[in-house]
Amino acid sequence: QMQLVESGGGLVQAGGSLRLSCAASGRTFSTYTMGWFRQAPGKEREFVAAITWSGGSTSYADSVKGRFTISRDNAKNTVYLQMNSLKPEDTAVYYCAAVYRSLILVNPDRYRYWGQGTQVTVSS
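Let us look at the structure shown here. The residue count restarts for each chain, going from 1 along the sequence in the order it is written. The model is predicted, so local features are restricted to residues of pLDDT at least 70 and side-chain atom pairs to those at 80 or more, both for listing and for counting; the totals for chains, interfaces and linings are taken over all residues. No hydrogens and no water enter the side-chain calculation; it runs on all heavy atoms of the structure.

1. Side note on the pattern of salt bridges
Any two side chains of opposite charge can pair, on the condition that their charged atoms come close. The criterion, for reference: By definition, a salt bridge exists where a carboxyl oxygen of Asp or Glu is found within 4 Å of a side-chain nitrogen of Lys or Arg. Runs of E in the DSSP output that reach at least two residues are strands. Runs of H or I that reach at least four are helices, and both are numbered from the N terminus. The classification of residues rests on relative accessible area computed with a 1.4 Å probe and restricted to protein chains. Under 20% of the type maximum is buried, over 50% is exposed, and intermediate values are partly exposed.
With the rule as written, the count across this model stands at 4 salt bridges. Salt-bridge contacts for R67 lead to D90; the nearest nitrogen and oxygen are separated by 2.8 Å. Of the two residues, R67 sits in the loop between β6 (58-60) and β7 (68-73) while D90 sits in the loop between β8 (78-83) and β9 (92-100), which places them 23 residues apart along the sequence. A single burial state applies to R67 and to D90, both of which are buried. Overlapping salt bridges, with partners in common, bring together R38, E46, R67 and D90 in one network.

Here it is as structure tokens:
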């Protein structure tokens, strides 16, 4: 089993920034591709960003491209999501997820391990 714990969410005004962290334990973090997803009330969970297990490749949803940056520190077993220029439509619960030694995946059903989520609220 892999345990994932997100942190860093909160309330921020539009145009502001937040950095989410996801700390992993229980498995060899450096062998897992990591993804960030989000789910707003009444909507399906959607892909935000992902980074391969080596850190050599990243991918972003069009809605966040140029504003969000995903990164990882394998020495700290942590993946990050830096979110800049936040908009009210970014309001959601953000989840990190892990899949073993995979290329970038945008389908949440392909990820095996999930965190409990952290709330991000952007006020206008």
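2. Examining the side chain of T52
Quick reminder of the rule: Residue contacts are defined here by distance: any two heavy atoms, one from each residue, within 4.5 Å place the two residues in contact.
Along the polypeptide, T52 turns up in the loop between β5 (46-51) and β6. In this structure T52 comes out as buried when scored by relative accessible area, which is 8%. Residues in contact with T52, not counting those within four places in the same chain, are T33, S57, R72, S102 and I104.

3. A closer look at the state of the cysteines
What counts is decided by this rule: Criterion for a disulfide: a pair of cysteine sulfur atoms within 2.5 Å.
Applying the stated criterion across every chain, the model contains 1 disulfide. Paired through a disulfide, C22 and C96 show a sulfur-sulfur distance of 1.9 Å. For the disulfide bridge between C22 and C96, the dihedral angle about the S-S bond is near 45 degrees, and by the sign convention the bridge is right-handed. One end of the pair, C22, is in strand β3 (residues 18-25); the other, C96, is in strand β9, with 74 residues separating them in the sequence. For C96, a relative accessible area of 0% translates into the label buried.

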